[in-house]
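Here is how the chains run, residue by residue.
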Amino acid sequence: MLGSAGIPGLIVCLQVLWAPESPRWLIGKGRYEEAFNELCRLRFSRVQAARDLYYIHVLLEAENEMKKGRKRFLEMFTIPRNRNAILASLIVMFGQQFCGINVIVYYSSNIFAMYGFSPASSLAGSVGFGALNWVFALPAVLTIDTFGRRNLLLFTFPCMAICLLITGFSFWIPSEKGRVAGVSIGMYLFTIFYSPGEGPVPFTYSAEVFPLYIRDLGMSLATATTWFCNFILVVTWPSMQLVFNPQGAFGFYAAWCMIIWVLILLFVRETKSKTLEELDQVFAVPARVHAAYGLRQIPYAIKKFI
């Protein structure tokens, strides 16, 4: 059973042998001819490939010039524009884990088995959860650039909180069939709301908010944050479930969903359809000014939608 989980990873490893190198990386290593050949595979004509080869070369030259004599890691926190970007990125990465998704991903079969499912049904329930996660992530290809990153998060986090409460409260249902139905519905609805929002948005968002000269550092810190939080969830869930019972444990993550919703409202800026220059202007706005804007959105949304 444990070994079977390595089969997809082995398939991916084999595919790496046929994966082309990034033209940007090749240019950075001075391998211009190989970079041009790769760009020809990605563009309609050799003229377009030559144009992009030149653009990438100029950008790399500019980035290398910007990096000279600068303390890049320190500037992520001392320059307001960078600090606002790292704050927003860490919020969405933290939220990706503390919404509780990987508690369900890793322990769904155990949760199903503990509360009424047979071993075969528990595995089938986990497969259903994974299938829904995949299916409902597909619409994000369109919605992430139409509704926007921030709007997707603001809509889906309260819905995820409600779904976690449904899951937790279902453990109080006395009948076994009712308990199984409630837990299943809550978990499945949770992944339906998670998949088009907090599933794809954090990595997309974190990859675009940083200026070019610190993008590698910022993305590394953001990725490290999400996997560190993932480690915390995995380690603490078994003991949390014993101490708080399932009702309290799921309620704990429902509360975090609402806390993260507030943080997104106040500190996460919209990046949809923005150029690098426009993003510099967006993140140059002081945090307190954007937080005030977020608070003004609450009465506006109530009047418009309620």
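Structure shown above.
In this report, the structure presented in the accompanying data block is examined. (Residues numbered from 1 in each chain as written. Predicted model: local features only at pLDDT ≥ 70, side-chain atom pairs only at ≥ 80, totals over all residues. Heavy atoms only, no water.)

All right, on to the layout of surface pockets then. The calculated volume of the largest pocket comes to roughly 720 Å³. Looking at the largest pocket, it is lined by 22 residues, and the ones nearest its centre are Asn151, Leu154, Phe155, Ala301 and Phe305. When the residues that make up the lining of the largest pocket are grouped by side-chain class, the tally is 17 nonpolar, four polar and one charged. (1 Å grid on protein atoms, 1.4 Å probe; cavity = no way out; pocket = protein on both sides within 12 Å on 5 of 7 lines; lining within 4 Å. Points joined across faces, edges and corners; volume = space filled by probe spheres on them. Nonpolar A, V, L, I, M, F, W, Y, C, P; charged D, E, K, R; others polar.)

All right, on to the state of the cysteines then. Throughout this description, disulfide means a covalent bond between two cysteine sulfur atoms. Applying the stated criterion to the full structure yields zero disulfides. Of the cysteine sulfurs around Cys99, a residue in no disulfide, the closest is that of Cys257, at 5.4 Å. No disulfide involves Cys159; its sulfur sits 6.8 Å from that of Cys163, the nearest cysteine. (Disulfide = S-S within 2.5 Å.)

Bringing the side chain of Arg81 into the picture now. Tracing the backbone shows Arg81 in helix α6 (residues 80–98). On the accessibility criterion, Arg81 (10% relative accessible area) is buried. A distance of 2.9 Å separates a polar atom in the side chain of Arg81 from the backbone oxygen of Val209. Once residues within four sequence positions are removed from consideration, Arg81 is found in contact with Val209, Phe210, Pro211, Leu279, Asp280, Phe283 and Ala284. (Helix = DSSP H or I, 4+ residues; strand = E, 2+ residues; numbered from the N terminus. Buried < 20%, exposed > 50% of the residue type's maximum accessible area, 1.4 Å probe, protein only. Polar contact = N/O pair within 3.5 Å; in protein donor to acceptor, adjacent residues only side chain to side chain. Contact = heavy atoms within 4.5 Å.)

What follows covers the packing of aromatic side chains. Counted by the stated rule, this structure contains 13 aromatic pairs. Ring geometry for Phe98 and Trp256: centres 5.5 Å apart, planes at 70 degrees, overall edge-to-face. Of this pair, Phe98 sits in helix α6 while Trp256 sits in helix α13 (residues 215–267), placing them 158 residues apart in sequence. Of the aromatic side chains, those joined through ring pairs into one cluster are Phe94, Phe98, Phe171, Trp237, Phe250, Phe252, Tyr253 and Trp256. (Phe/Tyr/Trp six-rings, centres within 6.5 Å; stacked < 30°, edge-to-face > 60°.)

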